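Read off the chains here:
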Amino acid sequence: MCCFIVPMVQAIATTVYRKKNSSSIYSAQASVLKHNLPALEKMLWGGTVMLIVDHIINGELSWRFPFFTALNEFGGAEVMLREMLSVGVPMSLVLTAVWAVYAFSATPKKA
């Protein structure tokens, strides 16, 4: 219903961070992650768009206020918060972990 909000917030934060911090001194591991930050950004935005389309197709989002269909019912905000915590947060953590593994494995090792 609203699990896409957590990766969307992370995507916004990642985009802002990347645009604000274009040049800084970092350790070797941090520079590997910073070098691969656009990949994380693309993964987050792509997943967010995919989830929004999926929620529209399934009727969980509407084009008029309130956009979340759960808010039409009493206690819907609690259901949304529970879904964000139980689905959105783990989804974002797993996506970030997969990206970190990708970032360290895609970087050539110095001899």
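Please refer to the structure higher up on the page.
Conventions and cut-offs
Residues numbered from 1 in each chain as written. Predicted model: local features only at pLDDT ≥ 70, side-chain atom pairs only at ≥ 80, totals over all residues. Heavy atoms only, no water. Salt bridge = Lys/Arg side-chain N within 4 Å of Asp/Glu carboxyl O. Helix = DSSP H or I, 4+ residues; strand = E, 2+ residues; numbered from the N terminus. Buried < 20%, exposed > 50% of the residue type's maximum accessible area, 1.4 Å probe, protein only. Polar contact = N/O pair within 3.5 Å; in protein donor to acceptor, adjacent residues only side chain to side chain. Contact = heavy atoms within 4.5 Å. Core = buried A, V, L, I, M, F, W, Y, C linked by side-chain atoms within 4.5 Å. Expected span 1.5 Å × (residues − 1).

1. Focus: the pattern of salt bridges
Note on pairing: side chains with opposite charge can pair once their charged atoms come close.
Then comes step 1: Applying the stated criterion across every chain, the model contains one salt bridge.
Then comes step 2: Put simply, R18 and E41 hold a salt bridge, and the shortest N to O gap is 2.4 Å. With R18 in helix 1 (residues 5-20) and E41 in helix 3 (residues 37-57), this pair connects stretches of sequence that are 23 residues apart.
Then comes step 3: On the basis of relative accessible area, R18 is assigned to the partly exposed category, the value being 31%.

2. Examining the side chain of N36
Then comes step 1: Inspection of the secondary structure puts N36 in the loop between helix 2 (28-35) and helix 3.
Then comes step 2: Exposure remark for N36: the relative accessible area of 10% places this residue in the buried category.
Then comes step 3: Polar side-chain contacts of N36 include one of 3.0 Å to the backbone oxygen of V32.
Then comes step 4: The residues touching N36, leaving out its near neighbours within four places in the chain, are W99, Y102, A103 and T107.

3. Considering the side chain of E41
Then comes step 1: Using a relative accessible area of 9% as the deciding quantity, one classes E41 as buried.
Then comes step 2: Among residues more than four places away in sequence, those in contact with E41 are T14, T15 and R18.

4. So, the nonpolar core
Then comes step 1: Core analysis: the largest hydrophobic core is formed by ten residues, namely M1, C2, C3, F4, I5, L51, L61, F68, A70 and M80.
Then comes step 2: Contact partners of M1, with chain neighbours within four places excluded, come to H55, E60, L61, F68, A70, V79, M80 and E83.
Then comes step 3: Counting residues in each nonpolar core, the second largest holds five residues, with A11, L37, L40 and W99 among its members.

5. Re helix 1
Then comes step 1: Taking 1.5 Å of rise per residue, 16 residues should cover 22 Å, and helix 1 covers 22 Å from first to last C-alpha, within 8% of that figure.
Then comes step 2: Looking only at helix 1, the buried set comprises I5, V6, P7, A11, T14 and T15.
Then comes step 3: Elements in contact with the buried residues of helix 1: helix 3 and helix 4 (76-106).

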